[in-house]
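# Examining the three-dimensional arrangement
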Amino acid sequence: MPSVRTFAILCAASFLTLLAIGWGGSILQATGVIHDAGAFKIPILATMLGLTALFAISAVPVMVGLVLGFQRNVGNEDVPVIRSALKRQNLIVFVIWGLMAAGAAIAIPAAILSGGFDTMNPAPPAAPPLGPSEGTLVARPGMTFAEMARQSSLKIDIGARAPLTSAVGSGGLFDFHIPGTGLYFKNCRYYFASPYSRDPSRIESLSIGTSPHTVSRAELDAANADLRARLAADGWLTGHEVYRSAEDRVLHSGALRGPEGRVWSKDDIVLDIETRRMDDPVPSENPDTAGKWIQFIGLWQREDYAGIERYVFAKPEK
């Protein structure tokens, strides 16, 4: 077996290399030199595991040698237990190595089965529990606040409006239904109903927070796609702007029309699918995937929607 000095060199070298890789990687990410390890994740992980194993293996004979060497230096080499241990120093090292190998044989398969080595596709954090719904909000633009309170099982205190020209809104966990349509939204987080200035007893517009919690960009895109599919299935028409003037077309790089999928209409109601980022951007982030987001919708009567004359509505294109 190599000398204790050799194992001490291996132990110190592996420990210092681990520190250098860890600190170096953190510095490179903090300064923006490396955004994502990408294909290097597996080689880096294998290197770190190998260095950790080398450190642990080499530390055993170093510690055994230090303990027994200390006992020899203080004059205990003739004590029966110490004398026996000195004669069997290599055996002690091999026994400890065997126990470490047995532990690794149990721990490593368990880590693999539990996803501990799945660095390429880490599991997303679990969404927070939502709890019970406080009721259903039933509202649409044009109806009165009294009708909204009467038809909703969600508790709404419209008597607290002071003055009567103020909006009504609240947060919590509730469901939302647009009367006269087949649309139901589960687990909404807030609502805000604004009155007409000319008739404060009636609702001019609604803003509904349809996300129960913040989501990733990929989850937001999936939620928007799901809502568009539900709108189409319920008979809503999707709208797109038509760029009729030369100035409009120049502003939009020569395009004749805008994209569809954000603005929808059914009967006399217009629905906007909106999104908002809830955290602050950070340097060197990927704008296509970064951020914590929520989805919310806005509702107006068709005649009150700003710029409605610029829109053409039709069934969604396949």
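Residues numbered from 1 in each chain as written. Predicted model: local features only at pLDDT ≥ 70, side-chain atom pairs only at ≥ 80, totals over all residues. Heavy atoms only, no water.

## A word on the nonpolar core
Spelled out, the test is: Only buried residues count toward a nonpolar core. Its members are Ala, Val, Leu, Ile, Met, Phe, Trp, Tyr and Cys residues joined through side-chain atoms within 4.5 Å. When accessible area is computed with a 1.4 Å probe and restricted to protein chains, residues below 20% of their type maximum are described as buried, those above 50% as exposed, and intermediate ones as partly exposed. A run of H or I in DSSP counts as a helix once it spans at least four residues, and a run of E counts as a strand once it spans at least two, with each numbered from the N terminus.
Grouped together as the largest cluster of nonpolar side chains are 28 residues, with contacts concentrated most on L137, M148, F176 and L271. Among the elements of the structure, α5 (145-151), β2 (168-177), β3 (184-195), β4 (203-209), α6 (217-233), β7 (269-277) and β8 (293-301) are those that each provide at least two residues to this core. Per-element accounting of this core gives the leading share, four residues, to β3. Within the second largest apolar cluster, seven residues are counted, among which are V64, L68, A85 and V93.

## Comments concerning the pattern of salt bridges
Heads up, the rule is: A pair is scored as a salt bridge if a Lys or Arg side-chain nitrogen falls within 4 Å of a carboxyl oxygen belonging to Asp or Glu.
Counted by the stated rule, this structure contains eleven salt bridges. Salt-bridge contacts for E241 lead to R310; the nearest nitrogen and oxygen are separated by 2.7 Å. Here E241 is found in strand β5 (residues 237-241), whereas its partner R310 is found in the loop between β8 and β9 (311-314), with 69 residues between them in sequence. Residue E241 is classed as partly exposed on the basis of its relative accessible area of 22%. Among the residues examined, R310 registers a relative accessible area of 27% and is labelled partly exposed. Taking the shortest distance from any N to any O, the salt bridge between R257 and E260 comes out at 3.6 Å. For R257, a relative accessible area of 33% gives the class partly exposed. Overall, the relative accessible area of 29% leaves E260 in the partly exposed class. Residues joined by salt bridges that share partners form a network here, namely E241, D248 and R310.

## Digging into the side chain of R140
Where we set the bar: When checking whether two residues touch, look at their non-hydrogen atoms; a contact exists if any pair is within 4.5 Å.
Relative to the helices and strands, R140 resides in the loop between β1 (136-138) and α5. Taking relative accessible area as the criterion, R140 reaches 18% and is therefore assigned buried. For R140, the contacting residues outside a window of four places in its chain are I178, P179, G180, I203, L206, D268 and I269.

## As for unusual backbone geometry
Notably, N187 is not glycine yet its phi reads approximately 60 degrees, a positive angle. Within the element layout of this structure, N187 appears in strand β3. Judged by relative accessible area, N187 falls into the partly exposed class, the value being 24%. Even without a glycine there, the phi angle at D267 is positive, about 55 degrees. Take D267: it is sitting in the loop between β6 (263-266) and β7.

## Quick notes on the pairing of β5
We apply this condition: Criterion used throughout: strands pair if DSSP finds at least two bridges between them.
Of the strand pairs in this sheet, β5 and β6 are connected by three bridges, and their pairing is antiparallel. Paired with G239 across the two strands is V263, which belongs to β6. One ladder, built from four bridges, connects β5 with β9; its direction is antiparallel. Each residue of the ladder has a partner; that of T238, found in β9, is A314.

## Quick look at the sheet that holds β6
Basically, it comes down to this: Axis lines are fitted through C-alpha atoms, for helices just across the contact stretch, and the angle between N-to-C directions can take any value from 0 to 180 degrees.
In spatial order, the strands read β1-β2-β3-β4-β8-β7-β6-β5-β9; together these nine strands make up an open sheet with mixed pairing. Either end of the sheet is taken by a strand with one partner, and the two such strands are β1 and β9. Averaged over all neighbouring strand pairs, the angle between strand axes comes to 35 degrees, with direction disregarded. Inspection of the sheet shows β6 paired to β7 by four bridges, in the antiparallel sense. Bridging across to β7, S265 finds its partner in V270. Sheet contacts for α6: β3, β6, β7 and β8; angle to β8, the most-contacted strand, approximately 30 degrees.

## Here we look at the environment of L18
Within the secondary structure, L18 sits in helix α1 (residues 4-30). On the basis of relative accessible area, L18 is assigned to the buried category, the value being 17%. Considered as a pair, L18 and G50 are 32 residues apart in the sequence and their alpha carbons are 10.0 Å apart. Every residue in contact with L18, bar those within four places of it in the chain, is listed here: M48, L51 and T52.

## Notes on a nonpolar patch on the surface
The criterion, for reference: Each patch is assembled from residues with relative accessible area greater than 30% and no salt bridge, linking like charges that lie within 9 Å and nonpolar side chains (Val, Leu, Ile, Met, Phe, Trp, Tyr) that lie within 5 Å. In short, Shrake-Rupley with a 1.4 Å probe defines the accessible areas, and a residue's cover is counted only from the protein chains shown.
On the surface, I57, I96 and M100 cluster together to form a nonpolar patch covering roughly 210 Å² of accessible area. Its location among the elements puts I57 in helix α2 (residues 41-73).

## Re helix α3 (residues 80-87)
Selection rule: Throughout, the arc means the angular range of directions from the helix axis out to the C-beta atoms.
Inspection of α3 places I82, A85 and L86 among the buried residues, and these make up the whole buried set. The arc that holds every buried residue of α3, seen down its axis, measures 100 degrees, which confines them to one face. Turned more than 90 degrees away from the buried face of α3 sit P80 and K87, all of them exposed.

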